[in-house]
Amino acid sequence: MIKRTIFILIKITKLSYEFFGDFLSFCFYSNYGLYTSKVKRLKYSILIEAHRVEKGLALPKTKLFFGKELFQNLSKMIFELSKMNTLNCVEVKKVLNALNTYLQFHNNQNKSFNTEQKKIMDVVVTLQKFIEKNSNFSDLQNSTRQNNFSLNENLSLRDNLLRRASSRIFSSEIIKKNTIDKIIQVAQKAPSQCNRQSSRVYLFQKKEQIDKILSIQGGAKGYSNDVHNLFIVTNDLSGWQGPQQRNQVYVDGALFSMMLMLGIQAENLISCSLNLAIKNSDEKKIKTISSISKSERLIMLIAFGFAKDKNRNIVASSPRRNLQEVLKINE
Ligand SMILES: Cc1cc2nc3c(=O)[nH]c(=O)nc-3n(C[C@H](O)[C@H](O)[C@H](O)COP(=O)(O)O)c2cc1C
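Numbering of residues starts from 1 in each chain and follows the order in which that chain's sequence is written. Confidence filtering applies because this is a predicted model: local features only for residues at pLDDT of at least 70, side-chain atom pairs given and counted only at 80 or more, and all residues used for totals across whole chains, interfaces and linings. Heavy atoms from the whole structure form the basis of all side-chain values; hydrogens and water molecules are not counted.

### Brief notes about the site of the ligand
Right, so step 1: Taken together, 15 residues surround the ligand, and among them Lys55, Ser166, Arg168, Tyr223 and Arg320 come closest.
Right, so step 2: For the purposes of these results, a polar contact is taken to be a pair of N or O atoms within 3.5 Å, where, inside protein, one atom must be able to donate a hydrogen and its partner to accept one; residues adjacent in sequence count only when each atom of the pair is a side-chain atom. Between the ligand and His51 there is a distance of 3.1 Å, counted from an oxygen atom to a side-chain nitrogen or oxygen.
Right, so step 3: In the model, a nitrogen atom of the ligand is placed 3.2 Å from a nitrogen or oxygen of the Ser273 main chain.
Right, so step 4: Looking at the shell around the ligand, the elements that each hand over two or more residues are helix 2 (38-56) and strand 4 (270-275).
Right, so step 5: Helix numbers and strand numbers start at the N terminus; a helix is a DSSP run of H or I with at least 4 residues, a strand a run of E with at least 2. Ranked by residues supplied to the shell around the ligand, first place goes to strand 4 with 4 residues. Being near a molecule or strand, for a residue, comes down to having at least one heavy atom within 4 Å of it.

Right under this line is the structure:
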């Protein structure tokens, strides 16, 4: 008995030590971290705000003149960044793409603007001009693009992968069980540590239940009404042993999720991951609604289905970082 108590105490101490290390890393180096530079912090915040613009333009019904405060906030951040750093970076390029697409979208409406709308457009144009004056981007793109599914046939695996995108404009069709099975078979080919296969996937096709889950998650505003097929990916904690494996549920769960999305793509369906960066209390609520065991951690939601318009599926098209920024070669 004493031996067992000592053994448990040692385990708890080791685990606490590692979790405390994680806690310190987050305190020092996360976006709010003590050692995080202001430029890095600003750049990520700009990227996230720019994403809200490009996402707003790739929804089933784009709300006219959305984002008044968003543009004011972006203007402030970009002005601040310009005092410390060059604006020739992917984050600002993404903003400029989004601003150009926003202006184009509203000008194409061929409507006259009221005073309030003019004010919003003025903020956007001022920011656009400021960025143009202080940068020299050569390959600007629209922040939305159209995917035509009939063009996917006979593409190489590489070209198919390069066409992957999060899509948010779903038809109301329910996906049939045999297609679901084929998707899961692809997901099951995901690698997992020691072939543990501790990922699980829960399927929801009842609208009432989907709405309850999405209302807790909150990241599908503007398209949640059109979600009729939803997966929750989980990973079972009981598969993991010891302090070193404390984060492995998320590693294996994320790999499984990616393969699940590729399985969806292989069936010519569209999908969008929905983060489960939520409080433990909200995770508990989702588990209760969905009858998910307490031993499983939630990894992410995946909304999926047919595209509303298979020949003209509009998606947000975000520029990627330069290769040199992502690939660090150790010599
Ligand atoms: C873990 C994770 C969580 C995400 N959460 C959301 C979300 O809550 N709502 C949403 O509309 N998109 C969400 N996305 C989709 C991202 O916005 C999208 O992947 C990103 O903008 C890049 O676009 P792409 O997937 O089309 O290349 C999420 C993606 C990931 C990987």
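There is more to say after this.
### Quick look at helix 2
Residues that lie three or four places apart on an α-helix share one face, since the helix turns once every 3.6 residues.
Right, so step 1: Compared with the 27 Å implied by 1.5 Å per residue over 19 residues, the 27 Å span of helix 2 between its first and last C-alpha is a close match.
Right, so step 2: Every buried residue belonging to helix 2 is among Leu42, Lys43, Ile46, Glu49, Ala50, Val53, Glu54 and Gly56, and all of these are buried. With its buried residues spanning 155° around the axis, helix 2 presents them on a single face. Projecting away from the buried face of helix 2 at angles above 90 degrees are the exposed residues Lys40 and Ile48.
Right, so step 3: Contacts from the buried residues of helix 2 go to helix 3 (68-84), helix 4 (90-107), strand 1 (144-147) and strand 6 (313-316). The length a helix should cover is 1.5 Å for every residue beyond the first. Exposed residues in this analysis have more than 50% of their type's maximum accessible area, buried residues have under 20%, and partly exposed residues fall in between, with area computed by a 1.4 Å probe over protein chains only. The arc refers to the directions leading from the helix axis to the C-beta atoms. In what follows, a contact means two residues having at least one pair of non-hydrogen atoms within 4.5 Å.

### What to know about the domain arrangement of the protein chain
Right, so step 1: Where each domain starts and ends comes from a domain assignment, either automatic or drawn from a database. According to the domain assignment, the protein chain consists of domain 1 (38-142) and domain 2 (146-313).
Right, so step 2: In this complex, domain 1 contributes 5 residues to the contact, which on the side of domain 2 involves 7 residues.
Right, so step 3: At the junction of domain 1 with domain 2, the criterion picks out 1 residue pair in polar contact (both at pLDDT 80 or more).

### Notes on empty space enclosed by the protein
Right, so step 1: Cavities and pockets are found on a 1 Å grid laid over the protein atoms alone: a cavity is a set of points where a 1.4 Å probe fits but cannot escape, a pocket is an open set with protein on both sides within 12 Å along at least five of seven lines, and a lining residue has an atom within 4 Å of such a point. Grid points are joined across faces, edges and corners, and a volume is the space filled by probe spheres set on the points. A complete count under the given rule lists 1 cavity of 30 Å³ or more for this structure.
Right, so step 2: Approximately 150 Å³ is the volume attributed to the largest cavity.
Right, so step 3: Lining the largest cavity we find 14 residues, and of these Arg164, Ala165, Gln265, Leu269 and Ile270 sit closest to its centre.
Right, so step 4: Considering every element that reaches the lining of the largest cavity, the biggest residue donor is helix 9 (residues 248-266), with 3 residues.
Right, so step 5: Here the residues of the lining of the largest cavity sort into 6 nonpolar, 6 polar and 2 charged. Residue polarity follows a fixed list, in which Ala, Val, Leu, Ile, Met, Phe, Trp, Tyr, Cys and Pro are nonpolar, Asp, Glu, Lys and Arg are charged, and the others, Gly among them, are polar.

### A short note on the layout of surface pockets
Right, so step 1: In this structure, the largest pocket spans a volume of roughly 1100 Å³.
Right, so step 2: Along the wall of the largest pocket there are 38 residues; nearest its centre are Glu54, Lys94, Ser318, Pro319 and Arg320.
Right, so step 3: Within the residue set of the lining of the largest pocket, elements represented by two or more residues are helix 2, helix 4, helix 6 (157-162) and strand 4.
Right, so step 4: Per element, the largest residue contribution to the lining of the largest pocket is 7 residues, and it comes from helix 2.

### Overview of the pattern of salt bridges
Right, so step 1: For this analysis, a salt bridge means a side-chain nitrogen from Lys or Arg found within 4 Å of a carboxyl oxygen belonging to Asp or Glu. Within the structure shown, the criterion is met by 15 salt bridges.
Right, so step 2: Here Glu80 ties to Lys38 by a salt bridge, and the two come within 2.8 Å at their closest N and O atoms. Placement of the pair is Glu80 in helix 3 and Lys38 in helix 2, with a sequence separation of 42 residues.
Right, so step 3: On the accessibility criterion, Lys38 (47% relative accessible area) is partly exposed.
Right, so step 4: Taking the shortest distance from any N to any O, the salt bridge between Arg321 and Glu325 comes out at 3.0 Å.
Right, so step 5: Using a relative accessible area of 37% as the deciding quantity, one classes Glu325 as partly exposed.
Right, so step 6: Three or more residues are tied together by salt bridges with common partners; here these are Glu18, Asp22 and Arg246.

### So, the packing of helix 3 against helix 4
Right, so step 1: Interaxial angle, 0 to 180 degrees, is taken between N-to-C directions of lines fitted to C-alpha atoms, where a helix line uses only the stretch in contact. Packing of helix 3 against helix 4 leaves a shortest axis separation of 12 Å and a crossing angle of 145°. Between helix 3 and helix 4 lies a crossing whose hand is left-handed. Together, Phe71, Leu74, Ile78 and Leu81 of helix 3 and Val92, Val95, Leu99 and Tyr102 of helix 4 make up the contact between the two elements.
Right, so step 2: Residues that form the contact of helix 3 with helix 4 fall into these classes: 8 nonpolar, no polar and no charged. Helix crossings are classified by the rotation of the near helix relative to the far one: an anticlockwise turn of less than a right angle makes the crossing left-handed, while a clockwise turn makes it right-handed.

### Observations concerning the packing of aromatic side chains
Right, so step 1: Here is the rule: rings of Phe, Tyr and Trp (six-membered ring for Trp) pair when centre to centre is within 6.5 Å. Planes less than 30 degrees apart are stacked, more than 60 are edge-to-face, and the remainder are tilted. Under the definition given, this model contains 9 aromatic pairs.
Right, so step 2: Ring centres of Phe28 and Tyr29 lie 6.1 Å apart, and the angle between their planes is 75°; on these two criteria the pair is classed as edge-to-face.
Right, so step 3: Assessed through its relative accessible area of 24%, Phe28 is described here as partly exposed.
Right, so step 4: With a centroid separation of 4.2 Å and 10° between ring planes, the pair formed by Phe231 and Phe304 is classed as stacked. Here Phe304 lies in strand 5 (residues 296-305) and Phe231 lies in strand 3 (residues 230-236), a separation of 73 residues in the sequence.

### Things to note about the side chain of Arg246
Right, so step 1: For Arg246, the location among the structural elements is in the loop between strand 3 and helix 9.
Right, so step 2: Of note is the side chain of Arg246, whose polar atom sits 2.7 Å from the side chain of Asp22.
Right, so step 3: For Arg246, the side chain forms a polar contact with the main-chain oxygen of Pro243, separated by 2.8 Å.
Right, so step 4: Non-local contacts of Arg246, meaning those with residues more than four positions away in its chain, are made with Glu18, Phe19 and Asp22.

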